[in-house]
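Notes for the structure review
The lines below spell out each chain.
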Amino acid sequence: MADMGAFRQAVTAWAAGGPGVPARDLVATAGVRAVVLLEGPSDAAAVDALAARRGRDLGAEGVCVLQMGGAMNVGRFAGLLGPSGLGLRLTGLCDERERGYYARAWERAGAASEGYFVCTADLEDELIRALGAGRVRELVDAEGDLRPLRTFLRQPAQQGRPAQQQLRRFLGTKKGRKIQYGRVLVEALGPDRVPAPLDDLFAAL
């Protein structure tokens, strides 16, 4: 939806210090009822991919998927958008190390504490564990990245590390790769293999 995209842009500008009026005006126009606060574009790619697989148009449902440019920005976004701001319902995904940021942001915004869902390490780790290292290697091969993976695995720092950790680190070694595989890994999941934090997020929307 064009209006949802405009709302997303208006909120991002507002959080950066711009005026809040455009975002306020677009709430009704775009029919926004809830916001999914995510750290960055790879998480958004995974959420969008799962929505497509499940035949859900989140924008049409009034759900804005919003990447914040880092988890430390969650307090700002939650305050602007949650019950103490625009009055929207807050949801989101975070890594375990970011739980404290989200907990404080939700509390200050007056939002229900159960509205965000925590990945053990991060979403990539959850997806790799759900698929298994062997399947992820097959997907890396299918995406044309097997040679870079083999080069990466020869690095001394990777010797002796569990395969899951190696793959997780590999996804972060090139700009855009985590975004690419956020989609690829989700699309490869069986219906009963969706990681709990991601599945619980969709159940709450």
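In this report, we go over the structure that sits alongside the text. This is a predicted model, so every value here is computed, not measured.

This part covers the packing of helix 3 (residues 41-53) against helix 10 (residues 177-188). For the pair helix 3 and helix 10, the least separation of the axes is 7 Å and the interaxial angle reads 30 degrees. Put simply, helix 3 runs roughly parallel to helix 10. The element helix 3 and its partner helix 10 pack so that their crossing is right-handed. On helix 10, the residues that touch Pro41, Ser42, Ala45, Ala46, Ala49, Leu50 and Arg53 of helix 3 are Lys178, Ile179, Gly182, Arg183, Val186, Glu187 and Ala188. The class makeup of the residues in the contact of helix 3 with helix 10 is eight nonpolar, two polar and four charged.

Compared with the 18 Å implied by 1.5 Å per residue over 13 residues, the 18 Å span of helix 3 between its first and last C-alpha is a close match. Of the positions making up helix 3, those classed as buried are Ser42, Asp43, Ala44, Ala45, Ala46, Val47, Ala49, Leu50 and Ala51. Its buried side turned inward, helix 3 meets strand 1 (34-38), strand 2 (63-67), strand 3 (89-95), helix 6 (123-131), helix 10 and helix 11 (196-204). Following helix 3 by one or two positions, Gly55 has its phi on the positive side, about 70 degrees.

Among the nonpolar cores identified, the biggest contains 39 residues, and Val47, Leu58, Leu93, Leu185, Leu198 and Phe202 are the most heavily contacted of them. A per-element tally of this core places helix 3 first, with six residues. For Phe202, the residues in contact, after removing those within four places along its chain, are Val47, Leu50, Ala51, Arg54, Arg56 and Leu58. Ala10, Leu86, Tyr102 and Tyr116 belong to the second-largest nonpolar core, a separate cluster that totals 33 residues.

What follows is about the state of the cysteines. Under the criterion given, the structure shown has zero disulfides. Left unpaired, Cys64 is separated from the closest cysteine sulfur, that of Cys94, by 18 Å. Of the cysteine sulfurs around Cys94, a residue in no disulfide, the closest is that of Cys119, at 7.3 Å.

Quick look at the pattern of salt bridges now. If you walk through the whole model with that rule in mind, you get ten salt bridges. With its nearest N and O atoms 3.3 Å apart, the salt bridge here joins Arg97 to Asp95. Its salt-bridge partner being Glu96, residue Arg99 comes within 2.9 Å of it at the nearest N-O pair. The structure contains a network of salt bridges with shared partners spanning Asp125, Glu126 and Arg129.

Cut-offs and rules
- Residues numbered from 1 in each chain as written.
- Predicted model: local features only at pLDDT ≥ 70, side-chain atom pairs only at ≥ 80, totals over all residues.
- Heavy atoms only, no water.
- Axes fitted to C-alpha atoms, helices over the stretch in contact; angles between N-to-C directions.
- Helix = DSSP H or I, 4+ residues; strand = E, 2+ residues; numbered from the N terminus.
- Parallel < 35°, antiparallel > 145°, perpendicular 65-115°, else oblique.
- Left-handed = near helix turned anticlockwise from the far one by under 90°.
- Contact = heavy atoms within 4.5 Å.
- Nonpolar A, V, L, I, M, F, W, Y, C, P; charged D, E, K, R; others polar.
- Expected span 1.5 Å × (residues − 1).
- Buried < 20%, exposed > 50% of the residue type's maximum accessible area, 1.4 Å probe, protein only.
- Core = buried A, V, L, I, M, F, W, Y, C linked by side-chain atoms within 4.5 Å.
- Disulfide = S-S within 2.5 Å.
- Salt bridge = Lys/Arg side-chain N within 4 Å of Asp/Glu carboxyl O.

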